[in-house]
Amino acid sequence: MSDLGESLKLATAAIRLASGLSIRDLGVVYRTRSGTIEALREVALDVRPGEFVSLLGPSGCGKSTILKIVAGLISPSSGVVRLGGRDVQGPSQQIGVAFQKPTLFPWRTVLGNVLMPADTLGWDLAQAQTRARELLALVGLEAFATNYPNELSGGMQQRVGLARMLLRDPDLLLMDEPFAALDAMTREALTLELQRIWIQDRKSVLFITHSIQEAVFLSDRVLVMSARPGRIIEDYVIDLPRPRTLDTMTTPEFSNACRQLRRHFLE
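Residues numbered from 1 in each chain as written. Predicted model: local features only at pLDDT ≥ 70, side-chain atom pairs only at ≥ 80, totals over all residues. Heavy atoms only, no water.

Draft legend 1. Expanded view of the packing of aromatic side chains. For the structure shown, the criterion picks out four aromatic pairs. Ring geometry for Phe105 versus Trp107: centroids 5.1 Å apart, planes at 55°, classification tilted. For Phe105, a relative accessible area of 29% gives the class partly exposed. Residue Trp107 is classed as exposed on the basis of its relative accessible area of 62%. (Phe/Tyr/Trp six-rings, centres within 6.5 Å; stacked < 30°, edge-to-face > 60°. Buried < 20%, exposed > 50% of the residue type's maximum accessible area, 1.4 Å probe, protein only.)

Draft legend 2. Region of interest: helix α5 (residues 125-138). Relative to the 20 Å expected for 14 residues at 1.5 Å per residue, α5 spans 20 Å between its end C-alpha atoms, a close match to the ideal helical length. Ala128, Ala132, Leu135, Leu136 and Leu138 are the residues of α5 that are buried. Buried residues of α5, viewed axially, fall in a sector of 150°; they line one side. Along α5, the residues that are exposed and aim more than 90 degrees away from the buried face are Ala126 and Gln127. Contacts from the buried residues of α5 go to α3 (110-114), α4 (116-121), α6 (154-167) and α7 (184-201). (Helix = DSSP H or I, 4+ residues; strand = E, 2+ residues; numbered from the N terminus. Expected span 1.5 Å × (residues − 1). Arc of directions from axis to C-beta. Contact = heavy atoms within 4.5 Å.)

Draft legend 3. Representation of unusual backbone geometry. Between Arg228 and Pro229 the backbone carries a cis peptide bond, its omega angle lying at 0°. In this structure, the amide linkage connecting Arg242 to the following residue, Pro243, adopts the cis form with an omega of -5°. With respect to the element layout, Pro243 can be found in the loop between β10 (232-237) and α9 (252-262). We note that Asp25 has phi near 55°; this positive angle belongs to a residue other than glycine. Locating Asp25 in the fold gives a position in strand β1 (residues 21-32).

Draft legend 4. Structural context of α9. Buried within α9 we find Phe254, Ala257, Cys258 and Leu261. Angularly, the buried residues of α9 cover 95° about the axis, an arc narrow enough to put them on a single face. Where α9 is buried, its residues contact β3 (52-56), α8 (212-218), β9 (221-225) and β10.

Draft legend 5. Representation of the pattern of salt bridges within the structure. For the coordinates displayed, the defined rule picks out 13 salt bridges. Between Asp46 and Arg24 there is a salt bridge, with the nearest N and O atoms lying 3.0 Å from each other. A residue pair is termed long-range when its members are at least 10 positions apart, and Asp46 in strand β2 (residues 35-47) and Arg24 in strand β1 qualify at 22 residues. Using a relative accessible area of 13% as the deciding quantity, one classes Asp46 as buried. For Arg24, a relative accessible area of 34% puts it in the partly exposed group. In this structure, Arg187 and Glu214 form a salt bridge, with 2.9 Å as the shortest nitrogen-oxygen distance. In this pair, Arg187 is assigned in helix α7 and Glu214 in helix α8, connecting sequence segments 27 residues apart. (Salt bridge = Lys/Arg side-chain N within 4 Å of Asp/Glu carboxyl O.)

Draft legend 6. Geometry of the sheet that holds β2. Overall, antiparallel pairing links the four strands, which are arranged β2-β1-β4-β5 in an open sheet. Looking at strand neighbours, the two that pair on one side only are β2 and β5 (86-87), the edges of this open sheet. Sheet topology places β1 next to strand β4 (residues 78-83); five bridges connect them, and they run antiparallel. When the sheet's bridge partners are listed, Ser22 is paired in β4 with Arg82. Against the sheet, helix α2 (residues 63-70) contacts β1, β2 and β4, and its axis sits at roughly 115° relative to β1. (Pairing = 2+ DSSP bridges. Axes fitted to C-alpha atoms, helices over the stretch in contact; angles between N-to-C directions.)

Draft legend 7. View of the confidence of the model for the protein. The pLDDT averaged across the protein works out to 90; a share of 93% of its residues lies at or above 70. In the predicted structure, residues 7-17 sits below a pLDDT of 50 and forms five contacts with residues beyond four places in sequence or in another chain. (pLDDT = per-residue confidence, 0-100.)

Draft legend 8. Structural view of the packing of α6 against α7. For the pair α6 and α7, the least separation of the axes is 11 Å and the interaxial angle reads 20°. One finds that α6 runs roughly parallel with respect to α7. Between α6 and α7 the crossing geometry is right-handed. Contacts between α6 and α7 involve Gly155, Gln158, Arg159 and Leu166 from the former and Thr186, Leu190, Glu193, Ile197 and Asp201 from the latter. Along the lines of polarity and charge, the residues of the contact of α6 with α7 split into three nonpolar, three polar and three charged. (Parallel < 35°, antiparallel > 145°, perpendicular 65-115°, else oblique. Left-handed = near helix turned anticlockwise from the far one by under 90°. Nonpolar A, V, L, I, M, F, W, Y, C, P; charged D, E, K, R; others polar.)

Draft legend 9. Local environment of the packing of α5 against α6. Orientation of α5 relative to α6, taken along the N-to-C sense of each, is 140°, at an axis distance of 9 Å. The orientation of α5 with respect to α6, classified from their angle, is oblique. Once α5 is placed against α6, the crossing between them reads as right-handed. Residues Ala128, Arg131, Ala132, Leu135, Leu136 and Leu138 of α5 form the contact with α6, whose own contacting residues are Ala163, Leu166 and Leu167. Its residues assigned to classes, the contact of α5 with α6 comprises eight nonpolar, no polar and one charged.

Listed below in structure tokens is the structure:
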């Protein structure tokens, strides 16, 4: 490649990175009555626009702490977090968050729950309703717009949460084990559903999971974290064609990726 070609390649990469998520030298120290606890140490990671990245690691390694910092819910002890080239200093409309439980309001209908961000931000109701109905169709719940949360299964409630998260059209989705509390079959179905939504919408995603198979199936890259103090010890590229199906899980390539990641937890 010529010097000009290499320069253009580097410039393009820099632009993509600047418009994505960038974390550098992130550290978190908690002070307790019994002393200090170092939760995170010198964490560095990137999520490029349109990329699906999973954080995989043992319990207590700081995965959820990273997510809360990126969401602007808590502040780090050290380091820098930037989204779109700007420092993250608090909650932002550019960021959507999904936790293990969707925390739906029981007195509001499915449509009403999806419209919560619009009500909070004072958006035009007619336009917001049109977008909310589009999102309910996207997650396969258009027929349940007038139902209440207690009339839905756990998987359906998670879909409502996904639609609500997407209403603001965020640049980055943060997902903290959103399917962990579901039964195996529902979790499998929603994993396929999430992949379909991501392929259609191409949002940047930072996804936290304890499941190696879930991380490999969904991700472009899997970041492996060490035990506390958490740090990134491997950035593993998942080179599997999309869309991935349940049959993908039976391939040698899928098994090899899982095996390469699992070795970190067997040592």
